[in-house]
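Architecture at a glance
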Amino acid sequence: ASALTLAAALAQRKEADRLVRVSEARYRLLIERMNEGLVIQDVEGNMVYVSDRFCELTGYRRDQLVGRPLREFVAVEELGREAEHERRLKQGRSESFELGMRKADGEPMAAYVSPRAMFDEQGRFIGSFALIADVSAQRRAEEQARRHLQQLAHVSRVSSMGEMASAIAHEINQPLTAITNFAYAIVRLLRSGQGTVEEALGAMEQVAEEAERAGEVVRRMRSFVRGEEGQVLEEN
C-alpha cells in the first residue's frame, strides 16, 4: 500500500511539474508575442529578466542587460526624471511615463514605460516589472505634423501680409497723393507771387488733414497687429 501511495504521489508531482512547465511556456509565449518589451527589476533596480522583445527593441543581447540597472540605458538628460519615477514606484505610485533611452547602436529611443511595483506580505518593496514600448515612430510623425502645421501657418502669414500690404498701399496712397498735390500747389502759389496768404494757409490745412488721414491708416494697422481690431482697413 505504501508503494502504491508513493507511486501515486510521484505521479501527482510529475503531473504538477508538467502543468507548471506548460503554464510557464504559455506565459512566455504570451510575453514574447506582445508588442511591448518586459523588464523585471529587483529591489536594487537591477534587471533580473528581459524579454526577447525588449532585446529586439533596444538592440542589446540578454547577457548585456541582465544584472545591470535600467538607468544605465537611459539618456543622460533623462536620468533625473527616471530617478524620480523610481522613487515614486517604491512608494507604490505606478505611473506610466515616457523616457528617452539609447539603443545599442547609439540611436535614441522614445520609450513609453508602464511600471508596476511588487511588495511582499509585509508591504516591503521587493522589485518591479515594466512593459516598455518604442514610440519613436509616433513621436517622429507628431514632430513632422507639427512642422507641417508651422509651415502652413508661415505660408498663411506671408499670404496675409501680402494682402495687407496691398490694401495698405492702396489706402495710404490716396492721402499721400493729395499731400503731394497740395504741396506743389503751395509752391506754385509762392513762386508766382499771385497767391494770397489765405490760399496758402488753406492748402497747408489740406496737407495737415491728409497727413492725419495717413497717420490714421498706420494706427489702424498697429491696432490690428496687436489684436485690438478685427478689421485692418475700412472701405472709403
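The structure we're discussing is the one just above.
Here is a short report on the structure shown in this document. (Residues numbered from 1 in each chain as written. Predicted model: local features only at pLDDT ≥ 70, side-chain atom pairs only at ≥ 80, totals over all residues. Heavy atoms only, no water.)

1. A short note on the overall build of the protein
The criterion, for reference: Secondary structure elements follow DSSP: runs of H or I of four or more residues count as helices, runs of E of two or more count as strands, with numbering from the N terminus. Only protein chains enter the accessibility calculation, which uses a 1.4 Å probe. A residue is then buried if its area is under 20% of the maximum for its type, exposed if over 50%, and partly exposed in between. Contacts were defined at the residue level, with two residues in contact if any of their heavy atoms lie within 4.5 Å. In short, Shrake-Rupley with a 1.4 Å probe defines the accessible areas, and a residue's cover is counted only from the protein chains shown.
Secondary structure assignment for the protein yields six helices and five strands. When the helices and strands of the protein are listed from N to C terminus, the series reads α-β-β-α-α-α-β-β-β-α-α. For the protein, the proportion of its 236 residues judged to be buried stands at 26%. For the protein, contacts bridging at least 24 residues in sequence account for 42% of all contacts bridging at least 6. Surface summary for the protein: the accessible area is close to 16,100 Å², and the carbon and sulfur share equals 55%.

2. Things to note about empty space enclosed by the protein
Note the cut-off: A pocket here means an open set of points on a 1 Å grid, computed over the protein atoms alone, that has protein on both sides within 12 Å along at least five of seven lines. A cavity is instead a set of points where a 1.4 Å probe fits but cannot get out; residues with an atom within 4 Å of a point line either one. Grid points are joined across faces, edges and corners, and a volume is the space filled by probe spheres set on the points. Gly falls in the polar group here, along with every residue not listed as nonpolar (Ala, Val, Leu, Ile, Met, Phe, Trp, Tyr, Cys, Pro) or charged (Asp, Glu, Lys, Arg).
Under the criterion given, the structure shown has one cavity of 30 Å³ or more. What the largest cavity holds in volume is close to 210 Å³. Together, 19 residues line the largest cavity, and Gln41, Glu82, Glu86, Leu89 and Ser128 are the ones closest to its centre. Residue assignment for the lining of the largest cavity shows that the elements contributing at least two residues are strand S1 (37-42), helix H4 (79-90), strand S4 (108-119) and strand S5 (125-134). Residue contributions to the lining of the largest cavity peak at six residues, all from H4. Of the residues assigned to the lining of the largest cavity, the class counts are eight nonpolar, four polar and seven charged.

Keep in mind these numbers describe shape, not what the thing actually does.
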